[in-house]
Amino acid sequence: MKMIYHIPWIYLPVRTALAIWHQLTKSEIPELAKASVLIRDRSRVEETIQAMQRAGPDALQVISDFDMTLSRFAHNGKRCPTTHNILDNDLLINDASKKMIRELLNRYYPIEIDATRTVEEKLPHMVEWWTSVHELLIQQKIRRDLLAQAVKQSSAMLREGYKVFFDRLQEQQVPLLIFSAGLGDILEEVIRQNHVFHPNVHVISNYMDFDQSGVLRAFKGQLIHTFNKREGALLHAAHFRELQERPNVLLLGDSLGDLTMADGVVHTQHTLTIGFLNDQVEERKESYVNSYDIVLVKDESMDVPNAILNYITTAPAK
Ligand code: TMP
Ligand code: MG
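What counts, and at which threshold
- Residues numbered from 1 in each chain as written.
- Chains lettered and ligands numbered in written order.
- Predicted model: local features only at pLDDT ≥ 70, side-chain atom pairs only at ≥ 80, totals over all residues.
- Heavy atoms only, no water.
- UniProt positions renumbered as here; feature names shortened; annotations may be inferred.
- Near = heavy atom within 4 Å.
- Polar contact = N/O pair within 3.5 Å; in protein donor to acceptor, adjacent residues only side chain to side chain.
- Areas by Shrake-Rupley, 256 points an atom, 1.4 Å probe, with all protein chains shown as cover.
- 1 Å grid on protein atoms, 1.4 Å probe; cavity = no way out; pocket = protein on both sides within 12 Å on 5 of 7 lines; lining within 4 Å.
- Sits in = over half its atoms within 2 Å of the grid points.
- Buried < 20%, exposed > 50% of the residue type's maximum accessible area, 1.4 Å probe, protein only.
- Helix = DSSP H or I, 4+ residues; strand = E, 2+ residues; numbered from the N terminus.
- Pairing = 2+ DSSP bridges.

- Named according to an unreviewed UniProt entry, the protein chain is 5'-nucleotidase originating from Coregonus suidteri.
- Turning to the protein chain, the UniProt record has this under Subunit (unreviewed entry): "Monomer."
- Under the UniProt heading Sequence similarities (unreviewed entry), the entry covering the protein chain gives this text: "Belongs to the pyrimidine 5'-nucleotidase family."

1. Concerning the site of ligand 1
And then number 1: Taken together, 15 residues lie around ligand 1, and Asp65, Thr82, Ser180, Ala181 and Lys229 are the ones closest in.
And then number 2: Taking Trp129, its side chain carries an N or O atom lying 3.4 Å from an oxygen atom of ligand 1.
And then number 3: Relative to its unbound accessible area of 490 Å², ligand 1 is 97% covered by the protein chains.
And then number 4: The pocket occupied by ligand 1, as judged from atoms lying within 2 Å of grid points, is the largest pocket.

2. Focus: the pairing of strand β10 (residues 270-277)
And then number 1: In terms of burial, β10 is a largely internal element, 6 of the 8 residues being buried.
And then number 2: In this sheet, β10 lies alongside strand β9 (residues 248-253) in parallel orientation, the contact comprising 6 bridges. Looking at β10, one finds that Asn248 is bridged to His270.
And then number 3: Direction of pairing for β10 relative to strand β11 (residues 294-297): parallel, over a ladder of 4 bridges. Bridge pairing links Leu277 to Val297 in β11.

Structure follows, in structure tokens:
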């Protein structure tokens, strides 16, 4: 192999062709040149995108996290709520519980995003966090009929360009799996109120179990937290089996735990992962760049996923 690079008449054309090709994708997806985009291996990303485009929308499935991935991390300098934090509302819970939920967030969120701890070290803390909050919500006897109003009154927002993203997937009949450690009932209400809960959307999340009078009495199924999405994926084998003819995966997340969301996919050919790095940027940049194919730093928009999606789902020029 090494010899080839020493034969001048091969070396130059190969180099030129590669350079032209790089230029080509750069101009076709100019969003990838944004300053907020970090890519470890640009050629791998370009090759993957080209291969996904050749296979087309029929071979594609999209798997996305919800909180702080499809929903915004911040707007006008103010933090936006996660699905759990949307419940921080007088309609649903009393002041003492609100205070407790905030204290739990302040205690456990720094652990969730701590770049110096391993996933194994974080695991028990995440279970404690989710379990405590869910127990508290059950004690508060949350009412199903008030959830929509709480979502309306909250400052939760989907990322800029979300409509293009959801509508394009629906138009191209590409299945979108939203895989969330948040609250399924709330997440569904957020996308419904934003008019993008299309039939191609499937949700795996923590769902509330209400009694006959519509009062929260438990949570259904296995608990999903940030770092057990692999186990969650394996429990939903039937969903992934239905999509086994779609071997190409576009994955979006904001936590390193989100990278395991595609572990249930039956047969993968090409996977492209996009990670939103919202917080603790300097501390986590290196690990994100090493783990995600594309990292978007403090980017509150869907511009890059939309541009890639548009490229993949548009037939290549003949
Ligand atoms: P995700 O998997 O959809 O991103 O949802 C999980 C996020 O929810 C995770 O980043 C932690 C966050 N969270 C809260 O903000 N408040 C809570 O009370 C809990 C349990 C989780
Ligand atoms: Mg998230």
